[in-house]
Amino acid sequence: MRAEAKEYNYDWMMGSILEAAAKLPAGSRKETELTLRYIPHFKYALGTLLDTGPPGVQFLQMLSDYYKNIITAHEQGKKIVATTFCSTPVIFYAMGLVPLTFEVLTAVGAMVWKRGMFEYMDYGCEVGMPETSCSAQRGSLGAYLAGLGENIDLIVCDSPGVCDTNATAFAFAAEYLDKPFFQLNFPSTLGDERSQSYHVEDFKAMIGFLEKQTGEKFAFDRLEAYLKEIEIQDAITADLEDMLLLVPTPIPPIYTLMIYAGRFCFAGHPAYTRVLEQLRDEARRRMAAGIPGLRAGVEKLRVLMCYIDHYTVDMNFYNYLETRGIANTGSILTRNFRDSNTYCQSLEGSCYGIDTSTPEAMLETVAQMNARLPMVRSIRGPYDQHGMWFDECLALARLYNVDCIIYNGTSGCRNTWGMIKPFARDIENQGIPVHIMYDDAFDDRVESWEASRERLDEFFTVRGLL
Amino acid sequence: MQVFHDVAGRIESRPLLDWKAQGKPIVGYTCSYLPAEVFHAAGILPVRLRGIETDGMDIGDVYFGPFICSFPKCLLQLVGKGKYRFLDGAVITPGCDSMRRLDECWRKAGKDYEGVLPGFYYYFDVPHKAEGHGLQWFVAEIEYLIAEVEDYFGVEITDEKLRASIAEYNKGRRLLEAVESLRTAESPVISGADAFSATIAGAIMPRGEFTEQMAAWLEALEEKPPIDNVQKRVMLIGSISDDLELMRLIESQSGALVVSENLCFGARREGRPVDESGDPVKALADHYLGASICPRMYGKYKQRRALIEQKIEGANVDGVIMQNIRFCDLHGAENALFERDLEALGIPCLRIEREYGPMIDRGRLKLRINAFLERIGRRKRNAG
């Protein structure tokens, strides 16, 4: 790592950038334009968010708050728990902890910085992480391994059984930084009584671990408040999902990012509710006015991202969809799998409900909610098993009436690279074209965005989609 | 001894073909978490699946993506080529992400290549926790497996049969322990390649024959003089390896002997004897999951390091070679931690990344191993 990169506390640096960005819209238009001239490397990503209007501004504020929580955690007497995007932060908030999600922070860095997270990713390798490990964790984790971030107090991951490379990153971090470690793990089935029970037992063990680390008894009244806020958030998300069904949809491609990033950062927290309200209100306004979600003004195509989006510099991926007239119906990260959603009707056992009537019911609720987060939900077992990836993608593709499915991931993802080819073949056999992107969502060095864009264009052309 | 090398050196070995010629079933399995005693108790030969003899990747690459460990790719390649047509069954275990995806890839290949998918094809789930509900889950998995085997093969697996199989396997385990003590001794009488071929053979041969051969070999070893000129006592650890050539490559260097290993095809797979009293299913679960020391069991690094240190001390190891197959993050990341901690204790370590299968990078490995052994030699000279 370059010496100058070690000069700055990474969390403080990113937090400061986001705080300043969130304040920008409060100024005049002239001030905003002038500021953008002074931040040549961030201006495209920032511009993309600001162009969405109030939702983008609220989203920036939420990210700024997320960083502020991390930076000020220890001043407030709170412990920081490093965790993963497929683990709900609700339980940590209810325990009075401050969650720090490596993948979210890597994605933010990838979008904000000219060089992305490359130096921090490479630092992970310098201290022993394999260069083939997943870039999603390795980016921001590199900063913490280098001692450039806030001091992490404990580490919790919930990817064993689903993603080795994710779980390995957390286990490695726990040993390297000498921090207490806990893992939730997942059986290969979902929705059956046996696995449901396993989730609850695992969650109880995790609460025991958190109580030991914090020295505090778990407060169910706090959890209840968070779950009630999630009720509100889930209802708004269901509204957005319904609007995504419309052709043309009033939902811009980047909304899905804001929906899931907010959930990963602040599920059950009013900061996320405010973002969702802005997204819903803006989408409703567009719908009422007959304005499509795409800046191109015409929806030429609808895609389903069967895995994750592309996050490297400048938010190029979302802008690409905008300019080509392609509606983004979401990725594996987008949906919350709350049982009130339309898509749950054809995915029996894949969804969860909320019950706050008793402490046991709340525990069951949060365990089942957690088990239905991205990855841990539908790539835990054989992909063609009931309710797993194939069923889910097919159901969503049909419901949202998509023209094609696109796979995008990271080169560290053994789980999906281990079966994406037969998966794609099975989906194609259902009459839906599939494109496999050979890039890395967080690391442009694997394949440049320009090359990825060319291949996407080629796919759409060759398959007669555009 | 020769029989072990023959069995470890090829897939269709004589004992296996003899078994098949008798019309008795064979079931292949992919991971050391599978309690082979279940199949033994059913009169079925459990055979650990291997990717040796792979001479291309034209089938493996069709189903697996590019960023995947070469071990399951080699297995699938051999499956597609019909090398495993002798199997009556196969059990896939989620040892790691790459291996668990062999489940779908093999099934899909079974649609493209006639006759390569065995009639009994089973996914055996293994949790990542060895205590409490994790252990309970595993006990239930063994019970389901027993029920499926009974149903498909028309056999009955009673507790008595399981106990008898555990006892038979334990005989082999005790003999392997005796071999381990001979190889780790101050004046070893066996090479690492010989010991490794025996442990590999234990996962393939009919167990009764294996036990007999082991007993005979141990008897013969009593007369054997110590190996000359052992100057560098090496330990080999890391990703899955059943590659005798790698062991031979290390031992072909002047004065080097692999006196210890921690590989899932090696002595670690057998472990200590299984408890022969009480509930046999619980005993198997305790052994295969509870005593697990594989990096897929997250959060147990310190226990694994303690075991490595114990082995280093027990075998008076001069240096540790840590290998990982490319894309094996489990061992790749853990090897880095081992290197950090063992070097801090003054134990020289070499970390190498390689591919599974034919030793296409033999020259590179030889060069690095040579340099490492030179380092050990210089260190010993300076100390002496």
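Placed above this text is the structure.
One structure accompanies this document, and this report is about it.

Here is what the cut-offs are and how they apply
- Residues numbered from 1 in each chain as written.
- Chains lettered and ligands numbered in written order.
- Predicted model: local features only at pLDDT ≥ 70, side-chain atom pairs only at ≥ 80, totals over all residues.
- Helix = DSSP H or I, 4+ residues; strand = E, 2+ residues; numbered from the N terminus.
- Rg over C-alpha atoms; globule rule 2.2 N^0.38 Å.
- Buried ≥ 20, exposed ≤ 12 C-beta atoms within 10 Å, placed from the backbone.
- Contact = placed C-beta atoms within 7 Å.
- Pairing = 2+ DSSP bridges.
- Axes fitted to C-alpha atoms, helices over the stretch in contact; angles between N-to-C directions.
- Nonpolar A, V, L, I, M, F, W, Y, C, P; charged D, E, K, R; others polar.
- Expected span 1.5 Å × (residues − 1).
- Parallel < 35°, antiparallel > 145°, perpendicular 65-115°, else oblique.
- Core = buried A, V, L, I, M, F, W, Y, C linked by C-beta atoms within 7 Å.

### Focus: the overall build of chain A
And step 1. A tally of helices and strands in chain A yields 19 helices and eight strands.
And step 2. Taken over the C-alpha trace, chain A has a radius of gyration of 21 Å; the compact-globule value for 466 residues is 23 Å, and the two agree within 12%.
And step 3. Overall size of chain A, expressed as C-alpha extent along the three principal axes, is 60 × 55 × 45 Å.
And step 4. Considering chain A as a whole, with its 466 residues, one finds that 59% of them fall into the buried category.
And step 5. Sequence-distant contacts in chain A: of pairs separated by 6 or more residues, those separated by 24 or more amount to 75%.

### A word on the overall build of chain B
And step 1. Assigned secondary structure in chain B consists of 17 helices and eight strands.
And step 2. Relative to its length of 384 residues, chain B is compact, with a C-alpha radius of gyration of 20 Å against a globular reference of 21 Å.
And step 3. Overall size of chain B, expressed as C-alpha extent along the three principal axes, is 65 × 45 × 45 Å.
And step 4. For chain B, buried positions account for 54% of its 384 residues.
And step 5. Of all intrachain contacts in chain B linking residues separated by at least 6 positions in sequence, the fraction that spans at least 24 positions is 75%.

### Comments concerning the sheet that holds strand S5 (residues 301-305) of chain A
Residue and element names in this part refer to chain A.
And step 1. Strand order in the open sheet made by the four strands is S6-S5-S7-S8, with parallel pairing throughout. Every interior strand has two partners, whereas the edge strands, strand S6 (326-328) and strand S8 (434-436), have only one. Each adjacent strand pair in this sheet contributes to an overall mean axis angle of 30 degrees, direction not counted.
And step 2. Relative to S8, strand S7 (residues 404-407) runs parallel, the two being bridged by three bridges. Of the residues in S8, the one forming a bridge with Tyr407 is Ile436.
And step 3. Across the sheet, helix H18 (residues 420-428) is in contact with S7 and S8; its angle to S8 comes to roughly 160 degrees.

### With respect to the interface of chain B and chain A
And step 1. If you look at the interface, chain B gives 36 residues, while chain A gives 36 residues.
And step 2. Looking at the side of chain B that touches chain A, the elements with two or more residues in it are helix H4 (60-63), helix H6 (97-100), helix H7 (102-112), helix H8 (132-153) and helix H16 (329-344) of chain B.
And step 3. Ranked by residue count, the leading element in the side of chain B that touches chain A is H16 of chain B, at seven residues.
And step 4. Split into classes, the residues belonging to the side of chain B that touches chain A amount to 19 nonpolar, seven polar and 10 charged.

### Section: unusual backbone geometry
Residues and elements named next belong to chain A.
And step 1. Look at the link from Val247 to Pro248: it is a cis peptide, with omega at -5 degrees.
And step 2. Relative to the helices and strands, Pro248 resides in the loop between helix H11 (220-244) and helix H12 (255-266).
And step 3. For Met375, which is not glycine, the phi dihedral falls at a positive 75 degrees.
And step 4. For Met375, the position within the fold is in the loop between helix H15 (359-370) and helix H16 (389-399).

### Examining the environment of Ile80 of chain A
And step 1. Tracing the sequence through the fold places Ile80 of chain A in strand S1 (residues 80-83).
And step 2. Taking the C-beta count within 10 Å as the criterion, Ile80 of chain A has 25 such neighbours and is therefore assigned buried.

### Describing the pairing of strand S3 (residues 89-92) of chain B
Residue and element names in this part refer to chain B.
And step 1. Of the two faces of S3, the one lined by Gly89 and Val91 and the one lined by Ala90 and Ile92 are each fully buried.
And step 2. Inspection of the sheet shows strand S1 (residues 26-29) paired to S3 by three bridges, in the parallel sense. Within S3, the residue paired with Gly28 across the bridge is Ala90.
And step 3. In this structure, S3 lies alongside strand S4 (residues 120-123), joined through four bridges in parallel fashion. Residue Val91 lies in a different strand from S4, and its bridge partner there is Tyr122.

### Observations regarding the sheet that holds strand S2 (residues 98-101) of chain A
Residue and element names in this part refer to chain A.
And step 1. Here we have four strands laid out as an open sheet, ordered S2-S1-S3-S4, and parallel in their pairing. At either end of the open sheet lies a strand with only one pairing partner, and these are S2 and strand S4 (181-183). Sheet twist, expressed as the average angle between the axes of neighbouring strands with direction ignored, equals 25 degrees.
And step 2. Alignment of strand S3 (residues 154-157) against S4, held across three bridges, turns out to be parallel. Looking at S4, one finds that Val156 is bridged to Phe182.

### Re the pairing of S1 of chain B
Residue and element names in this part refer to chain B.
And step 1. Side chains Ile26 and Gly28 project from S1 onto one buried face, and the interleaved Val27 and Tyr29 project onto a second face that is buried too.
And step 2. Here S1 pairs with strand S2 (residues 45-48) via four bridges, running parallel. By the bridge assignment for S2, Tyr29 is matched with Arg48.

### What to know about H8 of chain B
And step 1. An ideal rise of 1.5 Å per residue puts 32 Å on 22 residues; H8 of chain B measures up with 32 Å between its terminal C-alpha atoms.
And step 2. Listed in full, the buried residues belonging to H8 of chain B are Gly134, Trp137, Phe138, Glu141, Ile142, Leu145, Ile146 and Val149 of chain B.
And step 3. Against helix H10 (193-214) of chain A together with helix H3 (37-41), S4 and helix H14 (280-290) of chain B lie the buried residues of H8 of chain B.
And step 4. Phi turns positive one or two residues past the end of H8 of chain B, at Gly154 of chain B, with a value near 65 degrees.

### Focus: the packing of H10 of chain A against H8 of chain B
And step 1. One way to put it is that H10 of chain A packs onto H8 of chain B with a least axis distance of 9 Å and a crossing angle of 155 degrees. Looking at the two axes, H10 of chain A sits roughly antiparallel to H8 of chain B. Of H8 of chain B, the residues touching H10 of chain A (which contributes Tyr198, Glu201, Asp202 and Ala205 of chain A) are Gly132, His133 and Trp137 of chain B.
And step 2. Class assignment of the residues belonging to the contact of H10 of chain A with H8 of chain B gives a composition of three nonpolar, two polar and two charged.

### Observations regarding H12 of chain A
All names here are of chain A.
And step 1. Relative to the 16 Å expected for 12 residues at 1.5 Å per residue, H12 spans 16 Å between its end C-alpha atoms, a close match to the ideal helical length.
And step 2. Burial analysis of H12 places 12 of its 12 residues in the buried class, the great majority of the element.
And step 3. When H12 is considered as a whole, its buried residues turn out to be Tyr255, Thr256, Leu257, Met258, Ile259, Tyr260, Ala261, Gly262, Arg263, Phe264, Cys265 and Phe266.
And step 4. Just beyond H12, the residue with positive phi is Gly268, at close to 80 degrees.

### A word on the nonpolar core
And step 1. In this structure, Ile155, Ala173, Leu304 and Ile405 of chain A together with Leu76, Val234 and Val320 of chain B are the most contacted members of the largest nonpolar core, which totals 280 residues.
And step 2. Contacts of Leu76 of chain B, omitting those with residues within four sequence positions, involve Ile59, Gly60, Tyr63, Phe64, Leu102, Cys105, Trp106 and Ala109 of chain B.

### Digging into the environment of Asp153 of chain A
Residue and element names in this part refer to chain A.
And step 1. When you line up the elements, Asp153 lands in the loop between helix H8 (135-145) and S3.
And step 2. By C-beta crowding, Asp153 is classed as buried, having 20 other C-beta atoms within 10 Å.
And step 3. Along the primary structure Asp153 and Asp178 are separated by 25 residues, whereas in three dimensions their C-alpha atoms are 9.5 Å apart.
And step 4. Residues within four places of Asp153 in sequence aside, it is in contact with Lys79, Ile80, Val81 and Lys179.

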